[in-house]
There are 2 protein chains.
Amino acid sequence: MRELTVNLGDRSYPICIGQGLIRRAGELFAEKAISRKSPLLIVTDENVADRWLEPLAAALEASGYAAARFIVPAGEKSKSLDMFQNVITACLEAGLDRKSAIVALGGGVVGDLAGYAAASYMRGIRFVQVPTTILAHDSSVGGKVAVNHPLAKNIIGAFHQPELVLYDLDTLLTLPPREVSSGLAEVVKHGLIRDAGFVEWIVGHAGQLLALEPDVLGHALYKGCSVKAEVVSRDERENGLRAILNLGHTIGHALEAVAGYDELRHGEAISIGMIGSAMLGVELGAPLEVYETTKRALESVGLPVALPEHYDTDAVMEAMMHDKKFGEGRMTFIVPTAVGTVEIRNGIEAGMVRAIVERLKREERWT
Amino acid sequence: MRELTVNLGDRSYPICIGQGLIRRAGELFAEKAISRKSPLLIVTDENVADRWLEPLAAALEASGYAAARFIVPAGEKSKSLDMFQNVITACLEAGLDRKSAIVALGGGVVGDLAGYAAASYMRGIRFVQVPTTILAHDSSVGGKVAVNHPLAKNIIGAFHQPELVLYDLDTLLTLPPREVSSGLAEVVKHGLIRDAGFVEWIVGHAGQLLALEPDVLGHALYKGCSVKAEVVSRDERENGLRAILNLGHTIGHALEAVAGYDELRHGEAISIGMIGSAMLGVELGAPLEVYETTKRALESVGLPVALPEHYDTDAVMEAMMHDKKFGEGRMTFIVPTAVGTVEIRNGIEAGMVRAIVERLKREERWT
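Anyway, here's the lowdown on the structure attached to this text. (Residues numbered from 1 in each chain as written. Chains lettered and ligands numbered in written order. Predicted model: local features only at pLDDT ≥ 70, side-chain atom pairs only at ≥ 80, totals over all residues. Heavy atoms only, no water.)

Scanning chain A from N- to C-terminus turns up 14 helices and 11 strands. Over its C-alpha trace chain A gives a radius of gyration of 20 Å, about what one expects of a compact globule, namely 21 Å for 367 residues. Seen through its C-alpha atoms, chain A measures out along the principal axes to roughly 60 × 40 × 40 Å. The burial tally for chain A puts 62% of its 367 residues in the buried class. (Helix = DSSP H or I, 4+ residues; strand = E, 2+ residues; numbered from the N terminus. Rg over C-alpha atoms; globule rule 2.2 N^0.38 Å. Buried < 20%, exposed > 50% of the residue type's maximum accessible area, 1.4 Å probe, protein only.)

See the structure below:
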């Protein structure tokens, strides 16, 4: 088992990565001093539930925990205020108290929904992340939790750190290839913002990553989580530095919004967004190598690097203007200056961004 | 103008108490470095809106702020998740960004609803309290914000401190007598938990308080807010000490629940609850003076000190068992040990509490 710590003073917590961790959940919860006297609520989705809910609940119950279950439909539509209210109802019906914890078993949707419920129930109770996707190596660390509003994604939420992240690699071994590639987008991102050597390592191990070799995958997730943990430790509430984690997300979120959140996987959207950011970086003076390495790394793990032509540039620009990263009317982008280094650039002109969206459509088709 | 500070490190904030402060809102907001570049949203209820919304908006606009308005129906039913979603929609429609603030103009319902929206919108934006009731001297300080769930009051919320509390005494001068008395219940509470001399002062100035003499009222609110601020500064998230602010609330909330939140004003319910707590204190060894002084102080400001006979003791006990203050199955009460001093007592037997509920019905009728 690999272990690292997110250092946040009295809100610090461990991330445990390895095989067979769900079987050991009772012991690991107890080590983290999660009370056995107060009931837990496991929140999961219908897909994950089939395979992992009973093993997790059984492991907890064998260690003396009471574990209620709440299953939501799979997919982004469960990240709604209505479903949030249903989770709170389940908390009340299961008798959760101030010493209880909510356990998120699943990917980003489940983690965000259950995390916001944990942030809000009784003004905040404990929270454990048990991620079951590669993408969730990003979302499960750092305490950003949220649900969607019909007019805006992730607009209703909190910063609420988990007590523990239990990353059982066994849950990843049955992921379909498209989900694997999508999840690796955030792993590549962590290299691009902080660690050029890790980007090279990814390119060199892309085949093993796509084949889900546990030790290689465990190392990639450990490195990705380490970058995330280091950045979050230095700027928990995104007053500055933490914004670098949004590399590729300004364009990416706009693409997701235009696509109705369904046509593109999150990792695919931010892959295209990271290509756009690299183009922007080169425009602003970064060496061409930044663009070439970004493209090579994303392609190596099977991700798209061009925008399908049918996306309407006006619609993409409009969606970007609504994005919450535009404080006080200016456009802010995370822009690479070298491989492994990015900076936060304010005052980027909309015209320059529009030209890049257009250019993304002229990249080699990825389908 | 009286001013005091809630000391919470980088979350510290001033409470300004005086007449004519709404007219000066623009200047006071600007002193607190609330951005003029980002729009504000004023949330208020239909009753307060008639009298104070346009004066506040005009004062802000005269200082260069853009101030959108959102008016909710008066009453506890607006503290719902549905109304919360409507406030978030208003934030989006008004274009609030991460530098914006939500301004709560009203009593506890508006403060709790708007505060939870400010805690959640974009994972937390700024928040200003402009309380317009006496009761809100308590709820507007300390950062506890929440909405209700159909099964439980205040169960969905956050700790989210305001940037500024602007307490304009002019808004209080038209309060109906029953609201004045109800509001003074929390003022008396602040004396009972921390300051015996203040309790005597209240009894000695009860007539002037009930007559809403601005200088006397301003002093009472300053003292009440000072106690609240001191306790919150020492235990922001209610890990221990802060629970003493719940004096009278365990029984009080149960009475409100049984009454359907309408028959009893909050202050009336906790007045009866504080009598119950005083009885419990005497049972557990406090001098009889604790009970006598509690009763005298509450009666002096026109508050009920007995429970109407039609309240069903079983229903009250049942409601108490559902209260969120019972961690891990034990019953916890805030119990006076002397006038101006309380302690947190765990492990109180349900039988003893039941006897006190019964005894509260045998107190002299208050209607």
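Further remarks concern the relation of the copies chain A and chain B. Take chain A, turn it by 180°, move it 0.0 Å along the axis, and it overlays chain B with an RMSD of 0.0 Å. Such a turn and shift between the copies fits a two-fold axis. When C-alpha distances to the rotation axis are compared across chain A, the minimum falls at A:Leu81, with a value of 3.9 Å. The residues that chain A uses at the interface reappear at the interface of chain B in 100% of cases, marking a shared surface. (Least-squares fit on C-alpha atoms with pLDDT ≥ 70 in both. Contact = heavy atoms within 4.5 Å.)

All right, on to the sheet that holds strand 9 (residues 164–168) of chain B then. Residues and elements named next belong to chain B. Ordered in space as 1-2-9-6-5-3-4, the seven strands form an open sheet in which the pairing is mixed. Bordering the open sheet on either side are strand 1 (2–6) and strand 4 (67–72), each of which pairs with just one other strand. Taken pair by pair, the neighbouring strands of this sheet meet at an average axis angle of 15°, ignoring direction. On top of the sheet, helix 3 (residues 81–93) reaches strand 3 (40–45), strand 4 and strand 5 (101–106); it is set at about 165° to strand 4, its chief contact. In the packing of helix 4 (residues 108–120) onto the sheet, contacts are made with strand 3, strand 4, strand 5 and strand 6 (126–131), and the angle to strand 5 comes to roughly 175°. (Pairing = 2+ DSSP bridges. Axes fitted to C-alpha atoms, helices over the stretch in contact; angles between N-to-C directions.)

A few words now on the nonpolar core. One finds B:Ile134, B:Leu221, B:Leu255, B:Met320 and B:Phe333 to be the most contacted residues of the largest nonpolar core, which totals 78 residues. Considering every element that reaches this core, the biggest residue donor is helix 9 (residues 214–234) of chain B, with nine residues. Here this core gathers at least three residues from each of two domains, domain 1 (2–172) and domain 2 (177–365) of chain B. Counting 77 residues, the second-largest nonpolar core is a separate cluster that includes A:Leu4, A:Ile15, A:Leu221 and A:Val290. (Core = buried A, V, L, I, M, F, W, Y, C linked by side-chain atoms within 4.5 Å. Domains from an automatic or database assignment.)

Any functional reading would require information beyond the geometric quantities listed.
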